[in-house]
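Commentary on secondary and tertiary structure
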Amino acid sequence: MKKMHILLVLCLVVAGAVIVGGCLSADNDKDLNNVGMTSFKSEKELKNYLETGSTSGRSVYGSTNYAKSSGVAPEAAPEPMAMDAMTEDGGGNSGGVDYSKTNVQIANVDEADIVKTDGKIIYYTPGLYYPTNVTLHDDSKYPYYTYDTYQITLVINAMPAETASIISQIKETGGNLYLADDLLITIATGYNESKIIAYDISDPSNPKVMWEQSYEGYYVDSRLIEDKLYFVASEYGFGVFPMMYMGKELAYADCYYPYGPEIIRPAADITYYVTKLDVKTGDVDDTKAFISSYSTTIFVSGDNMYLTNYYYPDTQIMFLDFVESNGSNYLSSDTMKYVKKVMGYDLSTRIKYMAVSEAIGNYTSDLTEDEYTNFYDSFYKDYNAYSSALIIEAEKTTITKINLETFDVVSGVVPGRINGKFAMDEKDGYFRVISTVGDDYRTEESTLRSIVNILNAEMETVGTLDNIATGESIQTTRYIGNTLYLMTYTDGDPFLLIDLSNPESPAVLGEMKLQGTYSYIYPISDTLLVGFGYTGDWRDWRTKLSLYDVSDPANPVELDVFYFNADEYVSVYDYHGFTWNAAKNLMIVSGSDTAYVFEIKDGQIKLMKEDVHKDSYVVRSAYIDNYLYVFSNKEIHIYNMTNWQRVQVIPIEQPVYPDYGTIYPTHDEPIYGTHETPVYG
């Protein structure tokens, strides 16, 4: 019974960590700073990695590392690897007509979205899937249907608004749209085929395919900057040799992998392909491959793309290291001899862990109750202190920078983990990122703290600001010029403003206590911010919208706040769902079945209009001249923004799925199908 108890205790001690995928390490040393992303140095090195590295060598039970090491390591020490963060991409102007553009993170760096407009025509991909190739299989006791599905992009003649209508539609698009002059770019990902298609829309009533490019894997992210499309897709695993993408073989020097000491091997179970395409021709200019993980976060400035990769201590290796180094303080000499013997064998980490755990269980089974209690108390206390210190020291994130012009690659490293792309920014050649170090549930006391890190063009750290928001996790961040705005997760925590004007010495400018927690910050001017978040607890959880004056950074002031009703759900996570009309001081927020229109003026938030869509979620809004367009999966509503009268409703054709009532009229027989009917709006 004691043996089972101690095994359970040891499992609990080392469990709970995020077990990451296996990866080759430079060697088995314990240099926790020897981490990074590097390219392969030869075809042999690449082939060896692809054949023996396999996919993740670890499981929820710990580090099995079945492939052991392929011997691949950097042959030489790897090189350490002025855009303001904005809101809506400036708005557009077509013949003197003001119109909205996609709400993006960085000005002039366009992001794919389901709605695009040029001020005359609107392109919209609803979240609807239409059945095609419907087949009834009625040659058995229980007939059933099979079918494929496709999406459509609606082409809408938006002006004049009173007579706006759908003039054409494009099939088989994935809802990731870009406009580039007279081209509509669509990015689709599917089970059978994934492709990028460019349509000539010089005659929007008759779009024509200009070029198309099939791609492997699944769409991850993209950006459009001038006439170049930067596209990221992923495939699970490492692929095979030679590595191919979009019909071209990748040179070994264009393929990168993460390295580090064994105890903090990074995740390495997904290959990301970063590709630059010419939007006018569809030609591939360049491609790089990066072996990383599903948790990789991507940030794109006007000049560079950044990919993160997270390192966390392998808890089984950490446990084995502790026992091997300190076990003589708790265990008998015979037990330690056995431990040393096991550690000397060429076995996987998981097998070693199981053998050592069993040996400790055998030792404790002969202890008295008092001896067992003393053993447990001292072992757990010391191991907890050891693991807490190692977690803080070893938790790291590598950041790989890709120059969008040359596709040159360099990488750097920061302590801790990065909470999403809004934690990252670039200005005047410096990369700024806030990371969080430590834990609040794997140790007896919270060790959480955040760090502002500033890296130069060579991705070397030149400035830090440590011990920010100790004991708390970061909820949302926003960079505006040389100021970082930061809010933590817990209600009542401070809203921090951090000065980044001196890259070598970032400093706190000011702070203000908040009520509630915020998920998104939207700057509507140089001195005014809007925050979206929640207030209350799980019994009275309400969405709120707040207006802040930050003209005096040392003393930010909340000017006004609007509380939504408890039953009104407003998403604060999809920032593409926000629209800001600077000329009219209007903010449109998409929430459940309603679009909320606010006038934000003279320090006040005023609700101007609620547009309700029956039985369908509102997903986007856009404006052209004096008209507001609100999109759901069932209808498009158009309003005159002078008097808020609705001037037009455009219905959207709904999918019609096979009617099982025709083959099971009483619905008292089982119904079998091979395709789940999607739920809409």
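Source: prediction; values computed, not measured.

A count of helical and extended segments in the chain gives six helices and 46 strands. Entry remark: accessible area of the chain is about 29,200 Å², with carbon and sulfur atoms responsible for 48%.

The next subject is the sheet that holds strand S27 (residues 424–427). Judged by pairing direction, the sheet is antiparallel, and its four strands sit side by side in the order S27-S28-S29-S30 without closing on themselves. Each having just a single partner strand, S27 and strand S30 (461–468) make up the two edges of the open sheet. Taking the axes of each pair of neighbouring strands and ignoring which way they run, one obtains an average angle of 20° across the sheet. Across five bridges, the pairing between strand S29 (residues 449–455) and S30 is antiparallel. Its bridge partner lying in S30, Ser450 is registered against Ile468.

Tracing the backbone shows Tyr430 in strand S28 (residues 430–437). Separated by 27 residues in sequence, Tyr430 and Ala457 place their C-alpha atoms 6.1 Å apart. Discounting chain neighbours no more than four positions away, the residues touching Tyr430 are Asp425, Ile454, Leu455, Asn456, Val462 and Pro503.

Moving on, we come to the packing of helix H3 (residues 315–326) against helix H4 (residues 333–344). For the pair H3 and H4, interaxial distance at closest approach is 10 Å and the crossing angle is 130°. Relative to H4, H3 is oriented oblique. Handedness of the crossing formed by H3 with H4: left-handed. Residues Leu320, Val323 and Glu324 of H3 form the contact with H4, whose own contacting residues are Met336, Val339, Lys340 and Met343. Class assignment for the residues of the contact of H3 with H4 results in five nonpolar, no polar and two charged.

Locating Ser165 in the fold gives a position in strand S11 (residues 165–171). Considered as a pair, Ser165 and Ile121 are 44 residues apart in the sequence and their alpha carbons are 10.0 Å apart. Excluding residues within four positions of it along the chain, Ser165 makes contact with Val155, Ile156, Asn157 and Ile650.

The strand order across the open sheet built from four strands is S39-S40-S41-S42, with neighbouring strands paired in antiparallel fashion. On the outer flanks of this sheet lie strand S39 (578–581) and strand S42 (604–612), each paired with one strand and no other. Mean inter-strand twist for the sheet, computed between neighbouring axes without regard to direction, equals 20°. Of the strand pairs in this sheet, S39 and strand S40 (residues 586–591) are connected by four bridges, and their pairing is antiparallel. Considered in S40, the bridge of Thr579 is made with Ile588.

Our next topic: the pairing of strand S17 (residues 228–236). With seven bridges connecting them, strand S16 (residues 218–225) and S17 associate as antiparallel partners. When the sheet's bridge partners are listed, Ile225 is paired in S17 with Lys228. The hairpin formed by S16 and S17 contains two residues between the paired strands, and Glu226 there has a positive phi angle of roughly 55°. Across nine bridges, the pairing between S17 and strand S21 (residues 270–278) is antiparallel. Across the sheet, the residue bridging to Tyr236 is Ile270, located in S21.

With 44 residues, the main nonpolar core has Met305, Phe431 and Val452 as its most contacted residues. Core analysis: the next-biggest nonpolar cluster, separate from the first, contains 34 residues, Ala180, Leu183, Ile196 and Ala289 among them.

When you line up the elements, Gly533 lands in strand S36 (residues 528–535). Classification of Gly533 as buried rests on a relative accessible area of 0%. Sequence separation between Gly533 and Ile521 is twelve residues; the distance between their C-alpha atoms is 9.1 Å.

Here Ser293 is to be found in the loop between strand S22 (284–292) and strand S23 (298–300). Within the structure, Ser293 has its side chain in polar contact with the side chain of Ser295 (distance 2.8 Å).

Another aspect to go through is the packing of H4 against helix H5 (residues 349–364). Running from N to C, H4 and H5 cross one another at 175°; their axes reach a closest spacing of 10 Å. Looking at the two axes, H4 sits roughly antiparallel to H5. Contacts between H4 and H5 involve Thr335, Tyr338, Val339, Val342 and Met343 from the former and Lys352, Ala355, Val356, Ala359 and Tyr363 from the latter. Considered class by class, the residues forming the contact of H4 with H5 number eight nonpolar, one polar and one charged.

So, about the pattern of salt bridges. Within the structure shown, the criterion is met by 14 salt bridges. For Asp113, the salt bridge goes to Arg620, with nearest N and O atoms at 2.7 Å. Of this pair, Asp113 sits in the loop between strand S5 (97–99) and strand S6 (115–117) while Arg620 sits in strand S43 (residues 618–624), placing them 507 residues apart in sequence. Arg620 carries the same exposure label as Asp113, and that label is buried. The residue Arg432 makes a salt bridge to Asp425 at a minimum N-O spacing of 2.8 Å. Given the relative accessible area of 2%, Arg432 is considered buried. Judged by relative accessible area, Asp425 falls into the buried class, the value being 1%. Connected through shared salt-bridge partners, Asp113, Asp574 and Arg620 make up one network.

The next point concerns the packing of aromatic side chains. Overall, the coordinates contain 40 aromatic pairs when judged by the stated rule. An angle of 70° between the planes, with centres 4.6 Å apart, marks the rings of Tyr215 and Phe231 as edge-to-face. Placement of the pair is Tyr215 in strand S15 (residues 208–215) and Phe231 in strand S17, with a sequence separation of 16 residues. Accessibility assignment for this pair places Tyr215 and Phe231 in one class, buried. Their ring planes at 40° and their centres at 6.1 Å tell us that Tyr383 and Tyr386 sit as a pair that is tilted. With a gap of three residues between them, Tyr383 and Tyr386 both fall in helix H6 (residues 369–394), about one helical turn apart. Here a set of aromatic residues connected by ring pairs shows up, and it is made of Phe319, Phe322, Tyr330, Tyr353, Tyr363, Phe375, Phe379, Tyr383 and Tyr386.

Before going further, it helps to examine the side chain of Thr153. Secondary-structure assignment places Thr153 in strand S10 (residues 152–157). On the basis of relative accessible area, Thr153 is assigned to the buried category, the value being 0%. Polar contacts involving the side chain of Thr153 include one to the side chain of Thr125, which spans 2.6 Å. Here Thr153 is in contact with Tyr123, Tyr124, Thr125, Ser168, Gln169, Ile170, Thr173, Leu177 and Leu184, once residues within four sequence places are set aside.

Reading the values: rules and limits
- Residues numbered from 1 in each chain as written.
- Predicted model: local features only at pLDDT ≥ 70, side-chain atom pairs only at ≥ 80, totals over all residues.
- Heavy atoms only, no water.
- Helix = DSSP H or I, 4+ residues; strand = E, 2+ residues; numbered from the N terminus.
- Areas by Shrake-Rupley, 256 points an atom, 1.4 Å probe, with all protein chains shown as cover.
- Pairing = 2+ DSSP bridges.
- Axes fitted to C-alpha atoms, helices over the stretch in contact; angles between N-to-C directions.
- Contact = heavy atoms within 4.5 Å.
- Parallel < 35°, antiparallel > 145°, perpendicular 65-115°, else oblique.
- Left-handed = near helix turned anticlockwise from the far one by under 90°.
- Nonpolar A, V, L, I, M, F, W, Y, C, P; charged D, E, K, R; others polar.
- Core = buried A, V, L, I, M, F, W, Y, C linked by side-chain atoms within 4.5 Å.
- Buried < 20%, exposed > 50% of the residue type's maximum accessible area, 1.4 Å probe, protein only.
- Polar contact = N/O pair within 3.5 Å; in protein donor to acceptor, adjacent residues only side chain to side chain.
- Salt bridge = Lys/Arg side-chain N within 4 Å of Asp/Glu carboxyl O.
- Phe/Tyr/Trp six-rings, centres within 6.5 Å; stacked < 30°, edge-to-face > 60°.

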